[in-house]
Amino acid sequence: MDQPWVPEGYWDVVPHTLTVITTYKCNAQCRDCCFECSPTLSAKLSFEEIASFIDQAWQVFPGLRLVVFSGGEPLLLGEDLFASVDHVQRLGLLSRCVTNGYWGKTHSSATRVARRLSASGLNEINLSTGVDHAEWVPVASVINAAKAVAENGIFCVITIEQDSDSSEVVSQVKADMELKLLIEAGLVKLQVNSWMPFHADSATRKIFSNREEMLLQGCDQVLENCVITPNKEVSGCCGLTFEHIPEMKLGSFSKHTLEVGYFSQVQDFLKIWIKVDGPYRILKILGASAGIGSLEHIVHPCQACALLHQNERLREAIKSEYRNHMGRVLRAFYSQSLIHCDSHREVTANAS
Ligand code: SF4
Ligand code: SF4
């Protein structure tokens, strides 16, 4: 089908990331976990299923560069996770693992796991912590895990839930002198991310001073990240609310879903609009006509995305208004994608 809004070479560059949601089982049960993970859930992918997804995606998506393993808690997969990371390395792709660091209880347990991950070829680890996480995994375990992976040559990012100005978790992480040296050496990075409330009585968090600026960004996930869930469904993003947005589900895993389902997303104007303007800006444009008053409670773009897809009046507003925005959005998508393709070509040319 003729798609003049998609520049030539776009599909040579995207999707560049695969996300494998390895399991919904977790040692923790954080109150506002986006997938409601817990120790009692059992859905998980085997090594054979993960390897099959990666192999088929590698054949279908020439722009693939990174495979992310997340969950639930991916380290609960044990040998299957190490084998999957090793598989990614053998294909010449980069790998990242997102974990809560429960395995860093002692220096020796942290070192043992870090060595296995390093031997499997893992490039980056993202450790999640914060006030909710700390009810299940002590911050000391996360610090042990961060130090062990950094000492074993794996770049580490510690992501802390946004809570308050005087966050005890941030203070505890910053107070560790050995970790401070690793941060100064650029081997470990600290970042604070907004933590989305999923319950009416969830604790109120400090609002980022640049909240509006952060929320008004376009979505860099949709079309660029292909995801598989523990139930073997392929999804078009791994945003915090994608399990609540049926439109993000592309079908059961098969080569056909990757070859046809994935690429057909570019015919869904709402996805392109979300990519260009971000769901919060669309909410700001359509909210009043859909009778939505204040947007002050929105702290995360995926929260806005879920509202956009779930609220009937907003869905009606999208249907009646989208034509007024089509020209501008498709032109912006074309320009952004062209810049993306050009910079990719430049990087590839410089590397060869
Ligand atoms: S550690 Fe992560 S996956 Fe596990 S329950 Fe908490 S938020 Fe969910
Ligand atoms: S904003 Fe929407 S499309 Fe983007 S990652 Fe979040 S849920 Fe997915």
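Just so it is clear, the model here is predicted, and its values are computed rather than measured.

Rules used throughout
- Residues numbered from 1 in each chain as written.
- Chains lettered and ligands numbered in written order.
- Predicted model: local features only at pLDDT ≥ 70, side-chain atom pairs only at ≥ 80, totals over all residues.
- Heavy atoms only, no water.
- Near = heavy atom within 4 Å.
- Nonpolar A, V, L, I, M, F, W, Y, C, P; charged D, E, K, R; others polar.
- Domains from an automatic or database assignment.
- Pairing = 2+ DSSP bridges.
- Helix = DSSP H or I, 4+ residues; strand = E, 2+ residues; numbered from the N terminus.
- Axes fitted to C-alpha atoms, helices over the stretch in contact; angles between N-to-C directions.
- Contact = heavy atoms within 4.5 Å.
- Buried < 20%, exposed > 50% of the residue type's maximum accessible area, 1.4 Å probe, protein only.
- Right-handed = clockwise from strand over helix to strand, strands pointing away.
- Buried area = accessible area lost by both parts, 1.4 Å probe.
- Salt bridge = Lys/Arg side-chain N within 4 Å of Asp/Glu carboxyl O.

J.: Tell me about the site of ligand 2, residues and numbers included.
T.: Around ligand 2 sit Cys219, Gln221, Val222, Cys237, Gly239, Thr241, Met248, Pro279, Cys302 and Cys305, and that is every residue in its neighbourhood. Across the shell around ligand 2, the residue classes break down as seven nonpolar, three polar and no charged. Composition of the shell around ligand 2 by domain shows at least three residues from each of domain 1 (10-266) and domain 2 (269-351).

J.: Outline the sheet that holds strand S6 (residues 188-193), listing residues and values.
T.: What the nine strands build is an open sheet, ordered S6-S5-S4-S3-S2-S1-S7-S8-S9; its pairing is mixed. Strand pairing shows two members of the sheet lacking a second neighbour, S6 and strand S9 (249-252), which therefore form its edges. Ignoring strand direction, the axes of neighbouring strands in this sheet form an average angle of 20°. Here helix H1 (residues 47-60) sits on the sheet and contacts strand S1 (17-21), strand S2 (66-70) and strand S7 (225-228); the angle it forms with S1, its principal contact strand, is near 165°. The sheet contacts of helix H2 (residues 79-90) involve S2 and strand S3 (94-99), and relative to S2 the element is tilted by about 170°.

J.: Describe the pairing of strand S4 (residues 124-129), with residues and values.
T.: Most of S4 sits inside the fold, with six of its six residues counted as buried. Of the two faces of S4, both are covered, the one formed by Glu124, Asn126 and Ser128 as well as the one formed by Ile125, Leu127 and Thr129. Sheet analysis places S3 next to S4, joined by four bridges and oriented parallel. Residue pairing in the sheet places Arg96 in a bridge with Glu124 of S4. Once you follow S3 into helix H3 (residues 107-120) and on to S4, the crossover reads as right-handed. Bridge count between S4 and strand S5 (residues 155-161): six bridges; the pairing is parallel. Note that in S5 the partner of Leu127 across the bridge is Ile158.

J.: For the environment of Ala43, give the residues involved together with the corresponding values.
T.: As for its position among the elements, Ala43 is in the loop between S1 and H1. Sequence-distant contacts of Ala43, that is, excluding residues within four places in its chain, are made with Thr22, Thr23, Tyr24, Lys25, Pro230 and Asn231.

J.: Which residues make up the domain arrangement of the protein, and what values go with them?
T.: Split by domain assignment, the protein resolves into domain 1 (10-266) and domain 2 (269-351). Spacing between the C-alpha centres of domain 1 and domain 2 amounts to 24 Å. Taken together, the contact between domain 1 and domain 2 spans 33 residues of the former and 28 residues of the latter. When domain 1 packs against domain 2, the two sides together hide about 2700 Å² of surface, and 63% of this comes from carbon and sulfur. Notably, a salt bridge pairs Glu212 with Lys284, separated by 2.3 Å at the nearest N-O pair.

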